[in-house]
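Structural description and commentary
Chain residues, written in single-letter form:
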Amino acid sequence: MKVAIVHNNEAKTLEVTERLVALLTKAGIKINEKNPELVISVGGDGTLLSAFHRFNHRLNEVRFLGVHTGHLGFYTDWRDYELEELVDSLLTTREQSVSYPLLDVRISYTNNQPDKHFFALNESTIKRANRTMVADVYIKDELFESFRGDGLAVSTPTGSTAYNKSIGGAVIHPSINAFQLTEIASLNNRVFRTLGSPIVIGQDEWVEIKLENTEDYLVTVDQLDVAKGHIHSIYYRIAKERIHFASYRHMHFWHRVKDAFIGEG
């Protein structure tokens, strides 16, 4: 097995990574940063997102596994004090995997720039820097609503627990192959109206956000700022590709939700 390790630069994480590399090397597991079969992130969910974007060109060839140096996150199954158990499982347990939906994001421009293509594991957002954002929302090429407000967020099921939840979106189980469109502070009065509720879009449908021609947009894909000005439209749908997590020990989604937002009481 060939393993790549992605980590942040916090002192505790660097210590954990050093111990993990030593244990993997002792077990005869090769470290390969270019063509791994398994990508282990050490840190938090943000580190796992970084690992995903580093290796998302090899989604059909790699599995991901997260080691958390704080509390368990939505994408991390192991704690930093369980490294020996983790390495043992790599040697003795027959690997299975669980896959989650990804968001396919395509940005087209007004100034003859080539389109840009991204995958999002959590979400993509569209905002303007200082003014009300004006956009037409199309679902399957049909105008659904004209939006005015602070912005729009489009999330995957696993990403539904992130920014989407904080702006009133629903939490969606990742077995549902769909994505969610949620408004950020929409302007609703007798002149301008939007649905005002999150919308869940199925795998056979798509959304296109057509924007006013201005240069101060802020478009994110997960933790990355990917575009600013001269944007004509942004196209979203569920990707054909999926992310695969190594399920040597994979925690149930609703257990993660309860642990993150409710606790044991």
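Residues numbered from 1 in each chain as written. Predicted model: local features only at pLDDT ≥ 70, side-chain atom pairs only at ≥ 80, totals over all residues. Heavy atoms only, no water.

All chains considered together, the criterion is met by 8 salt bridges. Linking lysine 12 and aspartate 80 is a salt bridge whose minimum nitrogen-to-oxygen distance equals 3.6 Å. Remark: aspartate 80 occurs in the loop between β5 (78-79) and α3 (83-92) and lysine 12 occurs in helix α1 (residues 11-26); sequence separation between them is 68 residues. Residue lysine 12 is classed as partly exposed on the basis of its relative accessible area, which comes to 41%. A salt bridge links arginine 128 to aspartate 216, with the shortest nitrogen-to-oxygen separation between them at 2.9 Å. Taken together, the residues span a long stretch of sequence, with arginine 128 in strand β8 (residues 123-128) and aspartate 216 in the loop between β13 (207-211) and β14 (217-221) at a distance of 88 residues. Take arginine 128: its relative accessible area is 12%, and that puts it in the buried class. (Salt bridge = Lys/Arg side-chain N within 4 Å of Asp/Glu carboxyl O. Helix = DSSP H or I, 4+ residues; strand = E, 2+ residues; numbered from the N terminus. Buried < 20%, exposed > 50% of the residue type's maximum accessible area, 1.4 Å probe, protein only.)

Within the secondary structure, valine 191 sits in the loop between β11 (178-186) and β12 (199-202). Residues valine 191 and leucine 211, spaced 20 residues apart in sequence, show a C-alpha to C-alpha distance of 19 Å.

Once that is clear, we can look at the side chain of threonine 156. Checked against the element boundaries, threonine 156 lands in the loop between β10 (142-155) and α4 (163-166). Here the side chain of threonine 156 touches glycine 159 through a polar contact of 2.9 Å, landing on its backbone nitrogen. Apart from residues no more than four positions distant in its own chain, threonine 156 is found in contact with Pro101, Leu102, Leu103, Ala120, Leu121 and Asn122. (Polar contact = N/O pair within 3.5 Å; in protein donor to acceptor, adjacent residues only side chain to side chain. Contact = heavy atoms within 4.5 Å.)

With that settled, the discussion passes to the packing of α1 against α3. Viewed as axis vectors pointing N to C, α1 and α3 meet at an angle of 35 degrees, and their least axial separation amounts to 10 Å. Relative to α3, the crossing made by α1 is right-handed. For the pair α1 and α3, contact is made by Val16, Arg19, Leu20, Leu23 and Leu24 and by Leu83, Glu84, Leu86, Val87 and Leu90, respectively. Its residues assigned to classes, the contact of α1 with α3 comprises 8 nonpolar, no polar and 2 charged. (Axes fitted to C-alpha atoms, helices over the stretch in contact; angles between N-to-C directions. Left-handed = near helix turned anticlockwise from the far one by under 90°. Nonpolar A, V, L, I, M, F, W, Y, C, P; charged D, E, K, R; others polar.)

Any link to function would need more than the numbers given here.
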